[in-house]
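# Observations on the three-dimensional arrangement
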Amino acid sequence: MKKTFLNFISILISGCLFTGCFDLDYENYNKINSENFPKSEADLHAATIGVYNTLGNSFIMQWLNNAGWTLNTLTTDELNTSWGNPWQQTERFLWTPNDMAGKSCYEQYQKGITKATRVIDAFQHSTVEDTKKNKYIAELRVLRVLYANYLYSMVGAVPIVTDPDIANDVYKEWKPKRPSNEEYVSFMTKEILESYELLDIVQSQENLGRLSQGAALTLLMKIYMNDKQWQNAADISKKIMDLGVYDLMQPYKSVFDINNEGTSNVERIFAIQRITSTDAYAWTYFSSVMPATPTYKSQVGGQINISGGLKMPWAFYDKYEQNDSRLETIVRYYTDTDGNMVDFRAVDHPKATGAAPMKYSEDPEQKGAMQGNDFIVFRYADVLLSRAEILNEINGPTKECIDLINLVRNRANASLIKQEDYTKETLRDFLLDERGRELYCEGHRRPDLIRFGKFIEKVREKGFNAEDYHVLFPIPQSAMNENPNLVQNPGYEK
């Protein structure tokens, strides 16, 4: 199943990419020469997988404390922590340019962008036939935008390496000023629009974990939405639906079942693949979110080591209707390792700060604190709710808008809503809550709250002293020191 893709990563780590051992790491090379260019499609494939590898060391990673996922969840109303730093620093908005858990994310996103630029350039000089290499180049251009968009969401528009002359020569002087938001967004949208049609519409088993047309368009839709380009977003959301390859899986929990990680999962658009056989490509989500005291008893495989410092606040849990089937993936009641039935809401313990947002099924191959469930980045329910939001922003509640929301709610056995009960403003508020209920812990909550203008408000409701400028993280001071032409984000100046 998913193992095919990850085998290429193992090959990449253990040996050379192609003739000349072309090194993808920015800090370990000087110049590419003609003998290093890929000479076969296998070379193209291996080098491309190497650029994907950075996703598993940035947005998610083995230990989640520094992950982009954590920055997008723990800063919001959907997650809290009983752990100390760096977790409390993130949740309580205590970061500074000199001390921030997101520093490694900033660096890894930049590295992913630079890797992609180097490999694109190498492919363009390759003797492999154009039809083959151009498809890989298109894929890498979209992947570069994925990294760029994560970076943009985190710190705003900053210089990124898209010039191969800079990417291929670490000693070259490069200290640019920050681009404008308009320039940055224009670059991202242009890259996708010029590339996506060369990607596969339907992915084969061998290409799971790689970007498709649907994934590229979903990324583009999100960029347009966050930039409030509603008509462009509407056009792209329709293109995704018109591909005709995605649908809602039944029931909700089946979307996240480890047995449904293949091509049969018609809801999954793009995922970061994980595996337990190599610890570097496993992750600790279960260990982080499941109840530690009393200890949750694993239902499959070996007993997972649970640290249990991340929970869904009960206020967020209470947003669900009682019969909502999405609650089947959120643990309040469970059997502990002593065989006792537990109502976690009644537990008096420092780590009992909310429900356990389990989300994914357990991994039969889980070991220690590690699991190998793929992390879903984009899925079709998100597209449906996004299109509903887009249509509401353009025309207020329409029949199509309400129907899209009800498709998602009907799958969850939640009560259906009626068009006549909503105005544009009240439906906007409902959609924000519905996105939270449907997409909890998938890494979308922070950008959603920012887009809806509710991010700082929700943080203050949690009792933390967030300022308006906290909608962006600071640029790490190390990056500022390297480039004196960078201007720090407002609020973080010395």
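The rules behind each value
The residue count restarts for each chain, going from 1 along the sequence in the order it is written. Residues qualify for local features only when their pLDDT is at least 70, as the model is predicted, and side-chain atom pairs are given and counted only at 80 or more; totals for whole chains, interfaces and linings, by contrast, use all residues. Where side-chain values are given, they derive from all heavy atoms of the structure, hydrogens and water being excluded. UniProt positions are given in the numbering used here, feature names are shortened, and annotations may be inferred rather than shown by experiment. The secondary structure listing takes helices from DSSP runs of H or I that are at least 4 residues long and strands from runs of E that are at least 2 residues long, numbered from the N terminus. Buried means the residue's accessible area, taken with a 1.4 Å probe over protein chains only, is under 20% of the maximum for its type, while exposed means over 50%, and partly exposed covers the values in between. Contacts are residue-level and defined by heavy atoms, with any inter-residue pair within 4.5 Å sufficient. Counted as a polar contact is a pair of N or O atoms within 3.5 Å, where, for protein atoms, one must be capable of donating a hydrogen and the other of accepting one, and residues adjacent in sequence contribute only when both atoms are in side chains. Each reported salt bridge corresponds to a side-chain nitrogen of Lys or Arg within 4 Å of a carboxyl oxygen of Asp or Glu. Axis lines are fitted to C-alpha atoms, over the contacting stretch for helices. Their N-to-C directions set the angle, which ranges from 0 to 180 degrees. Working rule for angles: under 35 degrees goes down as roughly parallel, over 145 as roughly antiparallel, 65 to 115 as roughly perpendicular, anything else as oblique. Note on convention: the crossing is left-handed when the near helix lies turned anticlockwise from the far helix by less than a right angle, right-handed when the turn is clockwise. Three categories are distinguished: nonpolar for Ala, Val, Leu, Ile, Met, Phe, Trp, Tyr, Cys and Pro, charged for Asp, Glu, Lys and Arg, and polar for the others, with Gly belonging to the last. A pair of strands counts as paired when DSSP detects no fewer than two bridges linking them. In this analysis, rings of Phe, Tyr and Trp, with Trp reduced to its six-membered ring, are considered paired at centre separations within 6.5 Å, and the interplanar angle assigns stacked below 30 degrees, edge-to-face beyond 60, and tilted for intermediate values. Only when the NZ atom of a Lys or the CZ atom of an Arg is both within 6 Å of the ring centre and within 35 degrees of the ring normal do we say a charge sits over the ring.

## Some words on the UniProt feature "domain: RagB/SusD" (unreviewed entry) in the protein chain
Taking the numbering used here, the UniProt-annotated feature "domain: RagB/SusD" (unreviewed entry) corresponds to residues 318-492. Along residues 318-492 one finds 37% helix and 6% strand; the C-alpha atoms at either end are 36 Å apart.

## Quick word on the environment of tyrosine 252
Examined against the element boundaries, tyrosine 252 turns out to sit in the loop between α10 (230-242) and β2 (268-272). Residue classification places tyrosine 252 among the buried residues on the basis of a relative accessible area of 1%. Between the C-alpha atoms of tyrosine 252 and glutamine 299, which are 47 residues apart in sequence, the distance is 19 Å. With sequence-adjacent residues up to four places away left out, tyrosine 252 is seen in contact with Ser325, Arg326, Thr329, Lys359, Arg379, Arg411, Arg437, Glu438, Tyr440 and Glu442. Within the structure, tyrosine 252 has its side chain in polar contact with the side chain of lysine 359 (distance 3.0 Å).

## Re the pattern of salt bridges
A full pass over the atoms with the stated rule returns 41 salt bridges. As a salt-bridge pair, arginine 379 and glutamate 442 come within 2.7 Å of each other at their nearest N and O atoms. Linking arginine 379 in strand β6 (residues 375-379) with glutamate 442 in the loop between α15 (424-439) and α16 (445-451), this pair joins segments that are 63 residues apart in sequence. Exposure remark for arginine 379: the relative accessible area of 1% places this residue in the buried category. Residue arginine 409 pairs with glutamate 434 through a salt bridge whose shortest N-O separation is 2.6 Å. Taken together, the residues arginine 409 in helix α14 (residues 399-411) and glutamate 434 in helix α15 connect sequence positions 25 residues apart.

## What to know about the packing of helix α5 (residues 103-124) against helix α6 (residues 130-155)
Running from N to C, α5 and α6 point in directions that differ by 160 degrees, and their axes come no closer than 9 Å. Here α5 lies roughly antiparallel to α6, going by the angle between them. The crossing of α5 and α6 is left-handed. For the pair α5 and α6, contact is made by Cys105, Tyr106, Tyr109, Gln110, Gly112, Ile113, Ala116, Thr117, Val119, Ile120, Phe123 and Gln124 and by Lys133, Tyr136, Ile137, Leu140, Arg141, Arg144, Tyr147, Ala148, Tyr150, Leu151, Met154 and Val155, respectively. Broken down by class, the residue content of the contact of α5 with α6 amounts to 17 nonpolar, four polar and three charged.

## Let's talk about the pairing of β2
Burial analysis of β2 places five of its five residues in the buried class, which makes it a mostly covered element. Two elements, β2 and β6, share four bridges in a ladder whose sense is antiparallel. Note on β6: the bridge partner recorded for phenylalanine 270 is phenylalanine 378.

## So, the packing of aromatic side chains
Throughout the structure, instances matching the rule amount to 24 aromatic pairs. Residues phenylalanine 93 and tryptophan 95 carry aromatic rings whose centres are separated by 4.7 Å and whose planes lie at 35 degrees to one another, so their mutual orientation is tilted. The burial state of phenylalanine 93 is the same as that of tryptophan 95; both residues are buried. Among the aromatic residues, those joined into a ring-pair cluster are Phe59, Trp69, Tyr109, Tyr150, Tyr252, Phe256, Trp283, Tyr285, Phe286, Tyr360 and Phe375. Between the NZ or CZ atom of lysine 359 and the centre of the ring of tyrosine 440, over which it lies, the distance is 3.8 Å. Seen from the ring of phenylalanine 455, arginine 446 lies directly overhead, with NZ or CZ sitting 5.8 Å from the centre.

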